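Below, each chain spelled out in residue letters.
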Amino acid sequence: MNALEISNLSKTYGGFHLDNLNLTLPNGCIMGLIGENGAGKSTTIKLILDMIDRDGGDITIWGKDNRENILSLKQDIGVVLDEVGIPECLNAKQVGKIMKNTFENWSDLAYMDNLRKLSLPADKPFKEFSRGMRMKLGIAVALSHDPKLLLLDEATSGLDPVVRDEVIDMLNEFTRDESHSVLISSHIISDLEKICDYIAFLHKGKLLMCEEKDVLIEHYGLLQCSETQLAQLDPEAVKGKKISPYGVNALVRRDKVPSGWNVSPVNIEELFIFIAKETDNI
Amino acid sequence: MKGLLLKDFYMAAKYCRSFLAIVIVFIAVTFFGDNNIFFIIYPTMVAGLLPMTLISYDERDKWDQYSGVLPYSKAQLVSAKYITGLLFGACVYLILIVVYAARMANRGTFILDELIFIGVALFVLGIVGPTLMLPFVFKYGVAKGRIAFYVLVGLFAAIGTAWMRIDVYRALSLWINERVLIAAVGAAVLLYLLSWRLSILFYKKRELN
C-alpha cells in the first residue's frame, strides 16, 4: 500500500497556482520535495494535512481520503513545519505534557530519549531556544507518538551541519521500519540526496519530475562540449543547457548520447536547476 | 482537547500574572474601599477578554499554524478558547461575588436583591466581551479583530455612563425585577452560545497561510 497518493491536486490563491499535482509515496520510502521558494512545497504539505482547502483533486493516506479521516490520520503523522509554532513561554517538559494529552500513542520515554539525543534542555523556555534548537524540538515532538508518516517542511534549514547529520541519521533510523515513510521538503538538496529514495521537482506550482533518485542519477549526466557538438545530438537527449563563452554545459539523457562522448555524473541540485531553467525557457 | 486546555492554562499562568495582581488589589479595594462598583466590574470584563489575549500570543508564536498539524478539529481549537475563557471568567466572577457579599455582610448592609443584581450585571458584562469579539477574531485574526475591541470599548463606555446615572436601589424597586434579570442572563447565555457556534463556522472557513 502507498503511504500517500495525490492525484490532480490543485489550489489557487493570490498569484500562486498549484497545477494538477500527482505524487505517490510508497510505504517505507523517503521522498524529497525540491523546489524554489513559492514552488508549492508548503502548500502541498498543508493540503495533505487538510489545513487549507483544495480547489480540486484527491489525497489519500494509506488508502483513506485525507479530508474524511484527517483527525485519526493525524494521530499517525508527525509534522515539522518551517516554523515550529510552539508557544514561546513553554518549556520542553510542558510541551511533552500537552502532547501526551493530544496524541493517543504519545510516549514520554521516546520523547525524553529524543530530547537527550538532540541535546535539548527540558526546562528552558522555548523563547530562549535558537532556531536550530526550535527545529530539533519540533522533530522530537514529531517522532514521539509513534508516527508512520513524517511530513517535514524545511525541517533541516537553520541547523548546523553536525545537527543536520544527526537528524538525517534519525530519519534513516525511522525508515528502517518498512511501514514508515517520509515526505521532506528542503532547500538543502545535498541533505535530500543523502536520504531520499524518490525525488520530486516542483517548480512554480507544477511537478516537473518525480522519480527514484538512483534512476535520475543513472539516467542523466552532464556534458561539456561546444555548441557545434551539441547541435549534433538528438534534441531529445538534451534536457537543459547553459551556454557560456567557454562552451556549453548540458544536462543530457545518457541513453540518447552516442557512446564515446564524455558524460559526467550529475547531482540532484544541478539536475533540478537545469530542468527548472529549461522549463522557464520554453 | 485536554492538551489544548493544558496549553492555554500554562500560557495564562505565564502571561496573566499581572492580571492576577490586579484582581487581588481590586478585591482588597472592593472589600475595604468605598462603594465603587468599578473595582469589581473591571476584573470581570478583563477576565472575559482572556481568550483574546491568548489568541494574540498564539498568532505571534505561530501556534495557529502549528495546531493545524495536530489531531484537533477547528471546532475543538475554537471551543478550547471559549472553555478557557469560561473557566477563568467563572473563577474571577465567583471570587468577586463572594468578596462583595462578604463586604456587605461585614458592613451590616447585606441585601440579597442587591447581590443578585450585581451578580447578574457582572455576569452579563463579563460575557459580552468574548461574545462580541471572538467571532471577529476567529474570522479576521487578532489584528483586524481589534476593530471589534474598539466597538466594545465604546459600548462599555456607554454602559458605564448609564450605570453612573442609575440609582441601584431605585432601579431595583422600579424596573429591575426577577423576570428582567432572568431574561438578561438567558439572553447573555444564548448570545454566548451563538457566538461560539459562529466562531466555529468562521474558523472552519478561514485559511491560515
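No experiment lies behind these values; they were computed from the predicted model shown.

Enquirer: Explain the overall build of chain B to me, using residue names and the numbers behind them.
Expert: When helices and strands are tallied, chain B shows 10 helices and 0 strands. Seen in sequence order, chain B has helices and strands lined up from the N terminus as α-α-α-α-α-α-α-α-α-α. Counting all 209 residues of chain B, 33% fall into the buried class. Of the contacts formed within chain B by residues at least 6 apart in sequence, a portion of 83% connects residues at least 24 apart.

Enquirer: Let's hear about the overall build of chain A: which residues, and what values?
Expert: The number of helices and strands found in chain A is 10 helices and 14 strands. With the C-alpha coordinates aligned to their principal axes, the bounding extent of chain A is approximately 65 × 40 × 35 Å. In chain A, buried positions account for 43% of the 282 residues. Taking all contacts inside chain A whose residues are at least 6 apart in sequence as the whole, residues at least 24 apart take part in 69%.

Enquirer: Tell me about the interface of chain B and chain A, and name the residues and values.
Expert: With 21 residues of chain B at the interface, the matching set in chain A holds 24 residues. When contributions to the side of chain B that touches chain A are tallied by element, the ones reaching two or more residues are helix 1 (2–15) and helix 5 (63–66) of chain B. With 8 residues, helix 1 of chain B is the single largest residue contributor to the side of chain B that touches chain A. For the side of chain B that touches chain A, a count of residues per class yields 11 nonpolar, 4 polar and 6 charged.

Enquirer: Which residues make up the domain arrangement of chain A, and what values go with them?
Expert: All names here are of chain A. We note that the domain assignment places domain 1 (2–204) and domain 2 (218–281) within chain A. Of note, the centres of domain 1 and domain 2, computed from C-alpha atoms alone, are 34 Å apart. With 8 residues of domain 1 in contact, the opposing surface of domain 2 contributes 7 residues. Among the elements of the structure, helix 7 (189–195) and strand 9 (198–203) are those that each provide at least two residues to the side of domain 1 that touches domain 2. With 4 residues, the top contributor of residues to the side of domain 1 that touches domain 2 is helix 7. The residue makeup of the side of domain 1 that touches domain 2, split by class, is 5 nonpolar, 2 polar and 1 charged.

Enquirer: Which residues make up the environment of Gly48(B), and what values do they have?
Expert: Residue and element names in this part refer to chain B. Among the structural elements, Gly48 can be located in helix 3 (residues 38–48). Residue class for Gly48 comes out buried when judged on the 27 C-beta atoms lying within 10 Å of it. Through-space distance from the C-alpha of Gly48 to that of Thr84 is 9.7 Å; in sequence the pair is 36 residues apart. Here Gly48 is in contact with Gly85, Gly89, Gly126, Ile127, Gly129 and Pro130, once residues within four sequence places are set aside.

Enquirer: Tell me what's going on with the packing of helix 1 of chain B against helix 6 (residues 74–106) of chain B, and back it up with residues and numbers.
Expert: Residue and element names in this part refer to chain B. Between helix 1 and helix 6, whose axes approach to 9 Å, the crossing angle comes to 50°. When the axis of helix 1 is compared with that of helix 6, the two are oblique. The way helix 1 lies across helix 6 gives a crossing that is right-handed. Counting all contacts with helix 1, which are made through Leu4, Leu5, Asp8 and Ala12, the residues of helix 6 involved are Gln76, Leu77, Ala80, Ile83, Thr84 and Phe88. Considered class by class, the residues forming the contact of helix 1 with helix 6 number 7 nonpolar, 2 polar and 1 charged.

Enquirer: How would you explain helix 1 (residues 41–48) of chain A if you had to name every residue and give the values?
Expert: Residue and element names in this part refer to chain A. Of all 8 residues that make up helix 1, 8 are buried, and the element is covered over most of its length. Buried residues of helix 1: Lys41, Ser42, Thr43, Thr44, Ile45, Lys46, Leu47 and Ile48, and no others. Asp50, located one to two residues past helix 1, shows a positive phi value of around 60°.

Enquirer: So, helix 10 (residues 178–205) of chain B: which residues are in play, and what are the values?
Expert: Residue and element names in this part refer to chain B. The end-to-end C-alpha distance of helix 10 is 41 Å, a good match for the 40 Å that 28 residues give at a rise of 1.5 Å each. The complete set of buried residues in helix 10 reads Ser195, Trp196, Ser199, Ile200 and Tyr203. For helix 10, the elements touching its buried residues are helix 6 and helix 7 (112–140).

Enquirer: Hey, could you go over unusual backbone geometry for me, with residue numbers and the actual values?
Expert: All names here are of chain A. The phi dihedral of Trp62 is positive, around 50°, even though this residue is not glycine. Assignment of secondary structure puts Trp62 in the loop between strand 4 (56–61) and strand 5 (64–65). Non-glycine residue Asp146 carries a positive phi angle of around 50°. Tracing the sequence through the fold places Asp146 in the loop between helix 5 (131–142) and strand 7 (149–153). On the neighbour-count criterion, Asp146 (16 C-beta atoms within 10 Å) is partly exposed.

Enquirer: Explain the pairing of strand 13 (residues 247–253) of chain A to me, using residue names and the numbers behind them.
Expert: One face of the sheet, then the other: side chains in a regular strand alternate in exactly this way. Residues and elements named next belong to chain A. Here strand 11 (residues 220–225) runs beside strand 13; their pairing, made up of 6 bridges, is antiparallel. Paired with Gln224 across the strands is Asn249, a residue of strand 13. Pairing of strand 12 (residues 238–244) with strand 13, which is carried by 6 bridges, proceeds in the antiparallel orientation. Within the sheet, the bridge partner assigned to Val238 lies in strand 13 and is Val252.

Enquirer: How would you summarise the sheet that holds strand 9 of chain A if you had to cite specific residues and measurements?
Expert: All names here are of chain A. Taking strand neighbours across the sheet as the criterion, the 6 strands line up as 6-7-8-3-9-10 in an open arrangement whose pairing is mixed. Two strands close off the open sheet at either side, each with one partner strand: strand 6 (77–80) and strand 10 (206–212). The sheet shows a mean angle of 15° between the axes of neighbouring strands, taken without regard to direction. In the sheet, strand 9 pairs with strand 10 via 6 bridges, with the strands oriented antiparallel. Bridge pairing in strand 10 places Leu202 opposite Leu207. Across the sheet, helix 5 is in contact with strand 6 and strand 7; its angle to strand 6 comes to roughly 175°.

Enquirer: Explain the packing of helix 2 (residues 17–32) of chain B against helix 3 of chain B residue by residue, including any values.
Expert: All names here are of chain B. The interhelical angle for the contact between helix 2 and helix 3, taken along N-to-C directions, is 155°, at an axis separation of 9 Å. Taken together, the axes of helix 2 and helix 3 lie roughly antiparallel to each other. Regarding helix 2 and helix 3, the two cross each other, and that crossing is left-handed. Contacts from Phe19, Ile22, Val23, Phe26, Val29 and Thr30 in helix 2 reach Phe39, Ile40, Tyr42, Pro43 and Val46 in helix 3.

Rules behind the numbers
- Residues numbered from 1 in each chain as written.
- Chains lettered and ligands numbered in written order.
- Predicted model: local features only at pLDDT ≥ 70, side-chain atom pairs only at ≥ 80, totals over all residues.
- Helix = DSSP H or I, 4+ residues; strand = E, 2+ residues; numbered from the N terminus.
- Buried ≥ 20, exposed ≤ 12 C-beta atoms within 10 Å, placed from the backbone.
- Contact = placed C-beta atoms within 7 Å.
- Nonpolar A, V, L, I, M, F, W, Y, C, P; charged D, E, K, R; others polar.
- Domains from an automatic or database assignment.
- Axes fitted to C-alpha atoms, helices over the stretch in contact; angles between N-to-C directions.
- Parallel < 35°, antiparallel > 145°, perpendicular 65-115°, else oblique.
- Left-handed = near helix turned anticlockwise from the far one by under 90°.
- Expected span 1.5 Å × (residues − 1).
- Pairing = 2+ DSSP bridges.

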